[in-house]
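For reference, the chains in residue letters:
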Amino acid sequence: MSEQAGEAGYMAEARERLIEAALPHVVFDGWSAETLQRAVEDSGVEGSLAQLAFPRGGVDLALGFHRMMDARLAAELAETDLATMRIRDRVTHCVRRRIELVADHRDAVRRGATLLALPPYVAESTRALWDTADTIWSACGDRSDDVNWYTKRAILSTVLSSTVLYWLGDESLDNAATWGFLDRRIENVMQFEKMKGAVQANPLTRAAFWLPGQILGQIRAPHARRPQRETGPVDPAGKAPSTG
């Protein structure tokens, strides 16, 4: 293992220890500098290392908690045979498991949702939700490399956010109401996919959407983008300078 990899692993371990130590205190102090300080005291992680791990204190701690749970979901799904399920069942299972992973930390999720909804953090909150959707679609075997890569994750992000908000207020036995709500939201996703299929199959609608389709067809997912060849500035003779 390289020295750099060793340092990254050491930092990742420190982050996880701090987050685990912080969770009992979030109920009382929220995702705050006070909670981070208590996590330092309880975890034994040095204060200077905690400052490096979470330089903005509570907000970085909350985002770290979200990413930690995404990582645990990804590890679990890698060991789950999703290929035998219908696509809607795969997505439903993944969303449900993501919520179940934080079931014992409902107050921490609620506090995090409140903090990350503040204007300074909306962009980061949106990105965190997008990353969760990407984790799920990737585990479900999505191989799209065009605009569908974006639309699938955008739609699933709305499903995730609405279902989590519903779950936060759910008092039904075993969260039965939340799982029913999730099923209805997934049905909306499937209806959208059916609508796209119908548009593509109908010659009239296909013709009407030909130009937008050509434009959207140029959009590529990040993993499918080809790096542009760097030619450098052109000299007066019309040749790119030599790189040696």
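Residues numbered from 1 in each chain as written. Predicted model: local features only at pLDDT ≥ 70, side-chain atom pairs only at ≥ 80, totals over all residues. Heavy atoms only, no water.

### A word on the overall build of the protein
Definition in use: A run of H or I in DSSP counts as a helix once it spans at least four residues, and a run of E counts as a strand once it spans at least two, with each numbered from the N terminus. Burial here depends on accessible area, computed with a 1.4 Å probe over protein chains only, as a share of the maximum for the residue type. Under 20% is buried, over 50% is exposed, and the range in between is partly exposed. By the convention used here, residues are in contact when the closest approach between their heavy atoms is within 4.5 Å. Computed by Shrake-Rupley with a 1.4 Å probe, the accessible areas treat only the displayed protein chains as cover when residues are assessed.
The number of helices and strands found in the protein is eleven helices and zero strands. The proportion of buried residues among the 244 residues of the protein is 34%. Considering only residue pairs separated by 6 or more positions, the protein has 67% of its internal contacts joining residues 24 or more positions apart. Counting every atom, the protein has about 14,800 Å² of accessible surface; 56% of that belongs to carbon and sulfur.

### Overview of the nonpolar core
Our working rule: Here, nonpolar core means buried Ala, Val, Leu, Ile, Met, Phe, Trp, Tyr and Cys residues that are tied together by side-chain atoms lying within 4.5 Å of each other.
Residues Leu18, Trp31, Phe65, Val95, Ile136 and Leu156 are the most contacted members of the largest nonpolar core, which totals 51 residues. Per-element tally for this core: the top contributor is helix H4 (residues 58–78), with nine residues. Excluding its chain neighbours within four sequence positions, the residues that come into contact with Leu18 are Ala39, Val40, Ser43, Val45, Ala50, Ala53 and Phe54.

### Considerations on the confidence of the model for the protein
Rules: Per-residue confidence from the predictor is reported as pLDDT, which spans 0 to 100.
Scored by pLDDT, the protein has a mean of 84; 77% of the residues are at 70 or more. When pLDDT is averaged over each helix and strand of the protein, the minimum, 43, is found for helix H11 (residues 210–216) and the maximum, 98, for H4. This stretch, residues 204–216, has a pLDDT under 50; its non-local contacts, to residues over four places away or in other chains, come to seven contacts.

### Quick look at the packing of H4 against helix H5 (residues 87–100)
The condition is simple: Fitting a line to C-alpha atoms yields each axis, with helices limited to the stretch in contact; the angle taken between N-to-C directions then spans 0 to 180 degrees. Each angle gets one of four labels, with under 35 degrees taken as roughly parallel, over 145 as roughly antiparallel, 65 to 115 as roughly perpendicular, and the rest as oblique. Left-handed describes a crossing whose near helix is turned anticlockwise from the far helix through less than a right angle; right-handed describes the clockwise counterpart. Charged residues are taken to be Asp, Glu, Lys and Arg, nonpolar residues to be Ala, Val, Leu, Ile, Met, Phe, Trp, Tyr, Cys and Pro, and polar residues to be all remaining types, Gly included.
It is the contact of H4 with H5, at a shortest axis distance of 10 Å, that shows an interaxial angle of 135°. Compared by their axis directions, H4 and H5 come out oblique. For the pair H4 and H5, the sense of crossing is right-handed. When H4 is examined against H5, the residues His66, Met69, Asp70, Leu73, Glu76 and Leu77 are found in contact with a partner set consisting of His93, Cys94, Arg97 and Arg98. For the contact of H4 with H5, the per-class residue count stands at four nonpolar, two polar and four charged.

### A few points about the packing of aromatic side chains
The condition is simple: Each Phe, Tyr or Trp ring, with Trp reduced to its six-membered ring, pairs with another whose centre is within 6.5 Å; inter-plane angles below 30 degrees give stacked pairs, above 60 give edge-to-face pairs, and intermediate values give tilted ones. A ring has a charge above it when a Lys NZ or an Arg CZ is no more than 6 Å from the ring centre and no more than 35 degrees off the ring normal.
Using the criterion set out here, one finds five aromatic pairs in the structure. Judged by centre distance (6.3 Å) and plane angle (45°), the ring pair of Trp130 and Tyr150 falls under tilted. Taken together, the residues span a long stretch of sequence, with Trp130 in helix H7 (residues 122–139) and Tyr150 in helix H8 (residues 147–168) at a distance of 20 residues. According to the relative accessible area criterion, Trp130 is partly exposed, its value standing at 21%. We note Lys152 situated over the ring of Trp137; from NZ or CZ to the ring centre the distance is 5.1 Å.

### Some remarks on helix H6 (residues 106–116)
As a reminder of what qualifies: The directions considered for the arc are those from the helix axis to the C-beta atoms.
Within the span of H6, buried status applies to Ala108, Val109, Gly112, Leu115 and Leu116. Projected down its long axis, H6 carries its buried residues within an arc of 130°, all on one side.

### So, the side chain of Ser144
Counted only if it meets this: Here a polar contact is taken to be a pair of N or O atoms separated by no more than 3.5 Å, where protein atoms must pair a possible hydrogen donor with a possible acceptor and residues adjacent in sequence count only if both atoms sit in side chains.
You can see Ser144 is positioned in the loop between H7 and H8. According to the relative accessible area criterion, Ser144 is buried, its value standing at 11%. Polar contacts involving the side chain of Ser144 include one to the side chain of Asp142, which spans 2.9 Å. From its side chain, Ser144 meets the backbone nitrogen of Trp149 in a polar contact 3.4 Å long.

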